[in-house]
Amino acid sequence: MARNFEFCQSNVLLPLGLVLTCLMTGPAPAGDLKFTTTEESRAEYDRVVKPFLAKHCVGCHSGKKIEGELDLAALEPDMKATTSGARWAMLVEKLTNGEMPPKDKPRPEAESLAAVTRWAYAEAKRANKHFARRAAYANGNQVPHELLFDPKNIPPFDGDARVRRLSPEIYAGFLKDHAKRGGTNQPFSVDGKTTFKDMGAPKIDEPVTATLFQNAVVIVENQTDFKIEEGKVKGNLPREFSALFDPKSPPTEAQFETAIAHQFNTILKRPPTDSEKQRFLGLMKKNIADAGPVIGIRYTLAAVLMLPEAVFRSEVGSGQPDEKGRVRLAPREIAFALAYALTDRRPDAELLTAAATGKLDNDVGVADQIRRMLDDPKIEKPRSLRFFREYFGYDRATDVFKEDKPSDAANSHAGHDPRALVEDTDRLVHFILDQDRDVLRELLTTNKSFVAYKSAAETKKKRADELAKFEAEKAKNPEKFKSKTFKPPGRSIYESYGLADFPDEQPTELPADQRAGILTQPAWLVAHSTTFDNHVIHRGKWIRERLLGGVVPDIPITVDAQLPTAPEQTLRERMTVTQQEYCWKCHQLMNDVGYPFEQYDHFGRFRTAETVVDLEATAKNVDKKGKPLGSVTRDAVLNTTGLIALVSDKSLHGPIESPVAYMKKLAASQYVEQVFIRHAFRYWMGRNESPGDAASLQAAHRAYQESDGSMKALLTALLTSESFLYRVPK
Ligand code: HEC
Ligand code: HEC
């Protein structure tokens, strides 16, 4: 199976001399173009590559001007030449990342760009050179959109075989199944919430290995928990294990084998191979000799949990390459990949049976299993909601600290409850997924909303009770209650949504001229705000990257990223500092697409004016002795206009009047839909897209459109795509 792989050097030595090996992937794109001789390759080079370089590159990389120490005149098109392979690899990377030619130069046509990369892959293959894609596409958006969605020009698929570590969530699912009594720890740190966590293959280092091993021992102790009573093994352990601890008769070799096989089936969902049987039998004997029967047996059973297969997921493929040079994942790999794409658990019995009976050998069979899992309400599928949380980032509302200062009306919102806001948006996402129609458009435009749906009924009842009590006491003692009014609890939440009360039905409809979709939900607005203000820049960055498919360069470390403190100015006025030429080259990508959300305050409340400090009135606000009495505020005119520009789909360009019109415009765009598909692809493939995924992406988009925007159809298309099911061996 490890045909194409090298074992990494940092193998970790475990107690008992077991070695946990980590497999490394070997990236190697390939194409359907094939050269057997230098001449063939040279002819294609002369036909497509030479003119391309002459047109776009030699001006800066040849003759008098040699930028970046890359002299194209000296670059051998024969990649067998020692250094040219690496040079070409870098060149192709710069090209496919859209980094060269420099951003301010005319973009090469997608078609000729693809022809160049196709030649380079084929020549690399002929010359037997390894095309290493460095830290492939740190930012997925860097692959030009046109390279992925042009149906007339589909580059060959080049997906690499890979082995990934389990995600923290999947490992947690494993612990839920096998360590119900607890005592285990999560070995994989859960990173920040904003990135697509499933990506990459973080190394397994020594502290992680130690935790994995401790967990393995705890799990096996649970599995083999027994007492001896009246000379008999007592406990809730399987027969295969209890036989090993019988004080009267020492276990036979056959019993050891049965126990080892049982452990393989329980943990890895497969029987051991003959050579594994031999290895584990040998280990069992050695461990018992070293540590006595009980510990020896337990450590051997625990060793099954330390096999790479228990910690890594493998997507390598098996069999002979097809006519396109692709190999399909092994049925068992497909079963695990599907289970992990939709759930946090290992494949269920039905999926394993499908794998074992050839049902996953074709896409129809795979689609059947996907449908079955999607349609079965008993199968927990937390990964869809997790995608939408990661994509929208609204769940970070709970991380944004808000001060509660009743004296400062503009900045306080007594009883602000970010948890409830996030739950409401979660519920809205589920609601839209349940309808499964026009999913992205609904997410971006619906004015339906849940409003404290978990506590509304209860709070309403509590309020009625309190009001009754208030009235009763008032009736008893009218004098005392003369100046008192009833303050109902829980007001703040419905006010965040612009309502006057808790709705009687959930979901309810919010004012349609005020709200459109997730980006106008208080949870998203709060998540993209600070303690005291909106965060135009974060909102704009989100839209630029997640809907407009753009790339915003990282903030330079030399920049003092501060807006002036000027409480008399609106946020938009304070943002003027970012219009200096140096700042604007980045901030033009974010500010203008973020401004429309000034329509809401930083608690997510719709507003028609922004409250700022009135300096003059504050100066006059003094007592008789001239002591200041505090700041006085005034309503400043609100400017919610924005501008869409610098998008490769120019039909989107133009001014924005209001957030609702803005959302409707974006939701109607095919281009925006494709950007969304790209993000979904990344999440479910666990990697960034590359030009070779064009066919998969386009098929996914078609499936989404033809199903009237069904997320289930999109998922089925992604999980039956060649990007998911195939690999190209190097
Ligand atoms: C307007 C001038 C200009 C044009 C046109 C241009 N480049 Fe560059 N290129 C540069 C500069 C400047 C650098 C060095 C700085 C950098 O890496 O960004 C560079 C660096 C590179 C590097 C990295 C070299 C190294 O060793 O780090 C590669 C590869 C490259 N260019 C390829 C291309 C290709 C291919 C084209 C045509 C599609 C192209 N360039 C067009 C200016 C240009
Ligand atoms: C190379 C691109 C780039 C340049 C140049 C740049 N910025 Fe930014 N700036 C960013 C990005 C990206 C962010 C968002 C960072 C984040 O995600 O938190 C940002 C954020 C900010 C923020 C908000 C910080 C916060 O988190 O509250 C301020 C203020 C800011 N920039 C001001 C400036 C000013 C002033 C300049 C010019 C002197 C400038 N920036 C130049 C990219 C840039």
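Calculation rules
- Residues numbered from 1 in each chain as written.
- Chains lettered and ligands numbered in written order.
- Predicted model: local features only at pLDDT ≥ 70, side-chain atom pairs only at ≥ 80, totals over all residues.
- Heavy atoms only, no water.
- Patch = residues over 30% accessible without salt bridge, like charges linked within 9 Å, V, L, I, M, F, W, Y side chains within 5 Å.
- Areas by Shrake-Rupley, 256 points an atom, 1.4 Å probe, with all protein chains shown as cover.
- Salt bridge = Lys/Arg side-chain N within 4 Å of Asp/Glu carboxyl O.
- Helix = DSSP H or I, 4+ residues; strand = E, 2+ residues; numbered from the N terminus.
- Buried < 20%, exposed > 50% of the residue type's maximum accessible area, 1.4 Å probe, protein only.
- Near = heavy atom within 4 Å.
- Polar contact = N/O pair within 3.5 Å; in protein donor to acceptor, adjacent residues only side chain to side chain.
- Nonpolar A, V, L, I, M, F, W, Y, C, P; charged D, E, K, R; others polar.
- Donors = N, O, S within 2.8 Å, 3.2 Å for Na, K, Ca; no water.
- Tetrahedral: all angles 85-135°; square planar, octahedral: opposite > 155°, others 65-115°.
- 1 Å grid on protein atoms, 1.4 Å probe; cavity = no way out; pocket = protein on both sides within 12 Å on 5 of 7 lines; lining within 4 Å.
- Points joined across faces, edges and corners; volume = space filled by probe spheres on them.
- Domains from an automatic or database assignment.

Visitor: Teacher, can you tell me more about a nonpolar patch on the surface here?
Guide: The grouping of Ile555, Val559 and Tyr582 at the surface amounts to a nonpolar patch, some 280 Å² of accessible area in total. By secondary structure assignment, the location of valine 559 is in the loop between α22 (536–546) and α23 (571–574). Judged by relative accessible area, which is 30%, valine 559 ranks as partly exposed.

Visitor: Is there a simple way to explain the site of ligand 2 in this structure?
Guide: Near ligand 2 you find 19 residues, and of these His535, His538, Cys583, Cys586 and His587 are the closest. Here an oxygen atom of ligand 2 and a side-chain polar atom of histidine 538 are 2.7 Å apart. Elements with a minimum of two residues in the shell around ligand 2: α22 and α24 (581–587). Of the residues contributing to the shell around ligand 2, the split by class is 12 nonpolar, 5 polar and 2 charged.

Visitor: What is the right way to look at the coordination of the iron atom of ligand 1 in this model?
Guide: Ideal values for angles at a metal depend on the geometry: 109.5 degrees with four tetrahedral donors, 90 or 180 degrees with six octahedral donors. In the first shell of the iron atom of ligand 1, the protein supplies His61 (NE2) and Met100 (SD), at 1.9 to 2.3 Å from the metal. The site at the iron atom of ligand 1 holds 6 donor atoms, and with the angles between them running 85 to 179°, its shape is octahedral. Of this pair, histidine 61 sits in helix α2 (residues 58–61) while methionine 100 sits in the loop between α3 (84–96) and α4 (110–126), placing them 39 residues apart in sequence. A relative accessible area of 11% places histidine 61 in the buried class.

Visitor: Honestly, the site of ligand 1 in this entry has me stumped. Any pointers?
Guide: Near ligand 1 lie 17 residues; those nearest to it are Cys57, Cys60, His61, Arg87 and Met100. Histidine 61 is positioned such that a nitrogen or oxygen atom in its side chain is 2.7 Å from a nitrogen atom of ligand 1. Note that an oxygen atom of ligand 1 is positioned 3.2 Å from one of the backbone N or O atoms of glycine 68. Take the shell around ligand 1: its biggest share by element is 5 residues, from α3. Taken together, the residues that form the shell around ligand 1 break down as 10 nonpolar, 3 polar and 4 charged.

Visitor: I keep staring at the layout of surface pockets and nothing clicks. Help me out?
Guide: One simple way to see leftover space: roll a probe sized like a water molecule over the atoms. Of the pockets and cavities examined, the second largest pocket occupies roughly 1,000 Å³. Forming the boundary of the second largest pocket are 34 residues, of which Lys103, Arg107, Val551, Leu646 and Ser648 lie nearest the centre. Looking at the lining of the second largest pocket, the elements that each hand over two or more residues are α4, α5 (145–149), α24 and α28 (670–685). Per-element tally for the lining of the second largest pocket: the top contributor is α5, with 3 residues. Composition of the lining of the second largest pocket by domain shows at least three residues from each of domain 2 (38–132) and domain 3 (386–452 + 490–607 + 638–666).

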